[in-house]
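Fold and contact review
The chain contents come next:
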Amino acid sequence: MARYWVINASPLIALAKVSQIHLVTELSDELIIPNGVIEEINCGPLDDPARLWVKNEAPKFVQKISIIDPIVAKWDLGLGESHVLTWAHHNRYV
């Protein structure tokens, strides 16, 4: 069974800061980064390691989430978290 990872901003930021971001692509069969997560990371400092990784490596992993699932929207989370949970809710059987 394939291991799909849909990932939020915090793990990407933390792993990039300790130079271990390569783990997300090495340990997953397919990495999914919702566009809301990218937007959150891009709000960080220009020299932030996660922001640099997102600019150079992440485009091939980005999936656009256009609408936040109404169930998830009720939780009033940030954009990245809402996109991650929306993707997971709609793809729970892949």
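Residues numbered from 1 in each chain as written. Predicted model: local features only at pLDDT ≥ 70, side-chain atom pairs only at ≥ 80, totals over all residues. Heavy atoms only, no water.

Close contact between helix α1 (residues 9-17) and helix α4 (residues 49-56) brings their axes to 8 Å; oriented N to C, the two are set at 105°. Relative to α4, the element α1 lies roughly perpendicular. Residue-level inspection shows L12, I13, A16 and K17 of α1 in contact with α4, the latter providing P49, A50 and W53. Split by residue class, the contact of α1 with α4 holds 6 nonpolar, no polar and 1 charged. (Axes fitted to C-alpha atoms, helices over the stretch in contact; angles between N-to-C directions. Helix = DSSP H or I, 4+ residues; strand = E, 2+ residues; numbered from the N terminus. Parallel < 35°, antiparallel > 145°, perpendicular 65-115°, else oblique. Contact = heavy atoms within 4.5 Å. Nonpolar A, V, L, I, M, F, W, Y, C, P; charged D, E, K, R; others polar.)

To continue, consider the pairing of strand β2 (residues 30-34). The side chains of a regular strand alternate between the sheet's two faces. Most of β2 sits out of view: 4 of its 5 residues are buried. Examined bridge by bridge, strand β1 (residues 4-6) and β2 share 3 bridges and lie parallel to one another. Across the sheet, the residue bridging to V6 is I32, located in β2. Sheet topology note: the β2/strand β3 (residues 62-63) ladder contains 2 bridges and is parallel. Bridged to I33 within β3 is V62. (Buried < 20%, exposed > 50% of the residue type's maximum accessible area, 1.4 Å probe, protein only. Pairing = 2+ DSSP bridges.)

So, about the confidence of the model for the protein. On average, the protein scores 94 in pLDDT, and the residues at 70 or more come to 97%. The lowest-confidence element of the protein is β1, averaging 92 in pLDDT; the highest-confidence one is helix α3 (residues 35-41), averaging 98. (pLDDT = per-residue confidence, 0-100.)

Note on placement: N35 falls in helix α3. Overall, the relative accessible area of 14% leaves N35 in the buried class. Non-local contacts of N35, meaning those with residues more than four positions away in its chain, are made with V62, Q63, K64, I65 and H83.

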